[in-house]
Amino acid sequence: DALFLRGNAEFKLNKNVAGALEYYFDILELAPENINVPKNILILLNSTKSASYQIEVIDRYLAYNPDNFEMLLRKGELYGKSLKQFDRAEEAFRAASKVRPNDVRGWKNLGTVYGIQQRYEEAIDALKEAERIAPNDREVLTNLAITYGRMGNTEKSQEYQRRIPN
């Protein structure tokens, strides 16, 4: 608890992200299963602009807990949206989907990455899995409509367009 409080104080009072992170990693050395550490690390990472630095911190955390869904998801988002390294984004989203197969976010992001890479069959597979989990998700249905359209399947594209909620 003392390390946790010191980490929080280091960030809140001194705006020292690196210092606060060190306290959180000290906690992981003692208690790798601590559920508050990943939440606080993700909050701290929101205050940093460098995607590469954020990935470095996430990888450091994943060395303790390689199956943390939120960390894997953030890693994929950073690789995909910020760094445009879609192969690495795919790897992170695949790992996230394996850890939490019933969370739509992993599948939705994986489908988006495949679509960007013009790997439309794989995009459809991932997006259909997302649809199974969240059948009325606007983003999933939109991406399915777009992907079928890019594949030249106008009928399926229009079918999904009609299903998109207003």
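Just above sits the structure.
Below, the structure is looked at part by part. (Residues numbered from 1 in each chain as written. Predicted model: local features only at pLDDT ≥ 70, side-chain atom pairs only at ≥ 80, totals over all residues. Heavy atoms only, no water.)

Topic: the nonpolar core
Membership of the largest hydrophobic core comes to 47 residues, with the highest contact counts inside it found for Tyr-24, Val-37, Ile-41 and Tyr-61. Of all the elements in the fold, those that place two or more residues in this core are α2 (17–30), α3 (36–45), α4 (51–62), α5 (69–82), α6 (86–99), α7 (104–116), α8 (120–133) and α9 (138–150). Considering every element that reaches this core, the biggest residue donor is α2, with seven residues. Residues within four places of Tyr-61 in sequence aside, it is in contact with Phe-25, Leu-28, Val-37, Pro-38, Ile-41, Asn-68 and Met-71. (Core = buried A, V, L, I, M, F, W, Y, C linked by side-chain atoms within 4.5 Å. Buried < 20%, exposed > 50% of the residue type's maximum accessible area, 1.4 Å probe, protein only. Helix = DSSP H or I, 4+ residues; strand = E, 2+ residues; numbered from the N terminus. Contact = heavy atoms within 4.5 Å.)

Comments concerning the packing of α3 against α4
The geometry of α3 relative to α4 is characterised by a closest axis approach of 11 Å and an angle of 175 degrees between their N-to-C directions. On the basis of the axis angle, α3 is roughly antiparallel to α4. Seen from α3, the contacting residues are Val-37, Pro-38, Ile-41 and Leu-45; seen from α4, they are Gln-54, Val-57, Ile-58 and Tyr-61. (Axes fitted to C-alpha atoms, helices over the stretch in contact; angles between N-to-C directions. Parallel < 35°, antiparallel > 145°, perpendicular 65-115°, else oblique.)

Thoughts on the side chain of Asn-40
Position of Asn-40 among the secondary structure elements: in helix α3. By relative accessible area, Asn-40 is classed as buried at 17%. Beyond its immediate sequence surroundings of up to four residues, Asn-40 is in contact with Phe-4, Asn-8 and Tyr-24.

Concerning the pattern of salt bridges
A complete count under the given rule lists 15 salt bridges for this structure. In this structure, Arg-100 and Glu-70 form a salt bridge, with 3.6 Å as the shortest nitrogen-oxygen distance. Of the two residues, Arg-100 is situated in the loop between α6 and α7 and Glu-70 in helix α5; the sequence distance between them amounts to 30 residues. Assessed through its relative accessible area of 29%, Glu-70 is described here as partly exposed. The residue Asp-103 makes a salt bridge to Arg-100 at a minimum N-O spacing of 3.3 Å. (Salt bridge = Lys/Arg side-chain N within 4 Å of Asp/Glu carboxyl O.)

Structural notes on unusual backbone geometry
It is generally the case that most residues other than glycine have a negative phi and that most peptide bonds are trans. Even without glycine at this site, Lys-15 takes up a positive phi of about 55 degrees. Assignment of secondary structure puts Lys-15 in the loop between α1 (2–14) and α2.

Things to note about the environment of Glu-56
Mapped onto the fold, Glu-56 is located in helix α4. In this structure the C-alpha to C-alpha distance between Glu-56 and Asn-40, which are 16 residues apart in sequence, comes to 16 Å.

Thoughts on the packing of α9 against helix α10 (residues 154–163)
In contact at an axis separation of 7 Å, α9 and α10 are set at 160 degrees when each is read in the N-to-C sense. Relative to α10, the element α9 lies roughly antiparallel. Considering the relative orientation of α9 and α10, their crossing is left-handed. Where α9 abuts α10, its residues Leu-141, Leu-144, Ala-145, Tyr-148 and Gly-149 lie against Lys-156, Ser-157, Tyr-160, Gln-161 and Arg-163. Residue classes in the contact of α9 with α10 are distributed as five nonpolar, three polar and two charged. (Left-handed = near helix turned anticlockwise from the far one by under 90°. Nonpolar A, V, L, I, M, F, W, Y, C, P; charged D, E, K, R; others polar.)

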